[in-house]
Amino acid sequence: MVLNINNQLDLLHDLLSLHAEECCGSTSECQQISRLIKSIQQQPNINSNLVDILDGIDHYGNLGANSDNLDDHITSHQPDIQQWLQVIKDSNR
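Structural notes, computed from the coordinates.

Reading guide: rules and limits
Residues numbered from 1 in each chain as written. Predicted model: local features only at pLDDT ≥ 70, side-chain atom pairs only at ≥ 80, totals over all residues. Heavy atoms only, no water. Phe/Tyr/Trp six-rings, centres within 6.5 Å; stacked < 30°, edge-to-face > 60°. Helix = DSSP H or I, 4+ residues; strand = E, 2+ residues; numbered from the N terminus. Buried < 20%, exposed > 50% of the residue type's maximum accessible area, 1.4 Å probe, protein only. Axes fitted to C-alpha atoms, helices over the stretch in contact; angles between N-to-C directions. Parallel < 35°, antiparallel > 145°, perpendicular 65-115°, else oblique. Left-handed = near helix turned anticlockwise from the far one by under 90°. Contact = heavy atoms within 4.5 Å. Nonpolar A, V, L, I, M, F, W, Y, C, P; charged D, E, K, R; others polar.

**Structural notes on the packing of aromatic side chains**
What the rule picks out here adds up to 1 aromatic pair. Ring geometry for Tyr 60 against Trp 84: centres 5.5 Å apart, planes inclined by 65°, an arrangement best described as edge-to-face. Highlighted residues: Tyr 60 in helix α3 (residues 48-65) and Trp 84 in helix α5 (residues 78-91), separated in sequence by 24 residues. Summarising the burial analysis for this pair, Tyr 60 and Trp 84 share the class buried.

Now the structure itself:
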């Protein structure tokens, strides 16, 4: 099954929401975040506000996937995650 852009944004939002709410996550979740970003970046005509945050989310996912202390990584990015969640929500209407 191929995910459309709305499905991808919903999944990205869900993953980031879990990190925001639980302040913990897994390496595989971070890897999935980075894969989703790569796929979303391939989409034509994505919202310009969304384009502005994709590199930051990708960087977050890559660092998290390689972090020795993922919980601290997630906690230290809470303000960014909250901003990203709002932009994703606003872009996926």
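**Structural notes on unusual backbone geometry**
Although it is not a glycine, Cys 23 sits at a positive phi angle of roughly 50°. For Cys 23, the location among the structural elements is in the loop between α1 (5-22) and α2 (27-41). The class for Cys 23 is partly exposed, based on a relative accessible area of 29%. For Asn 45, which is not a glycine, the phi torsion comes out positive at approximately 60°. Looking at the element boundaries, Asn 45 is found in the loop between α2 and α3. Note on Asn 45: relative accessible area 81%, which makes it exposed.

**A short note on the packing of α1 against α3**
Across the interface, α1 lies against α3 with an axial gap of 13 Å and an inter-helix angle of 50°. One way to sum up the angle between α1 and α3 is to call them oblique. Note on packing geometry: the crossing formed by α1 with α3 is left-handed. In contact with Leu 9, Leu 12, Leu 16 and His 19 of α1, α3 contributes Leu 50, Ile 57 and Tyr 60. Among the residues forming the contact of α1 with α3, the class breakdown is 6 nonpolar, 1 polar and no charged.

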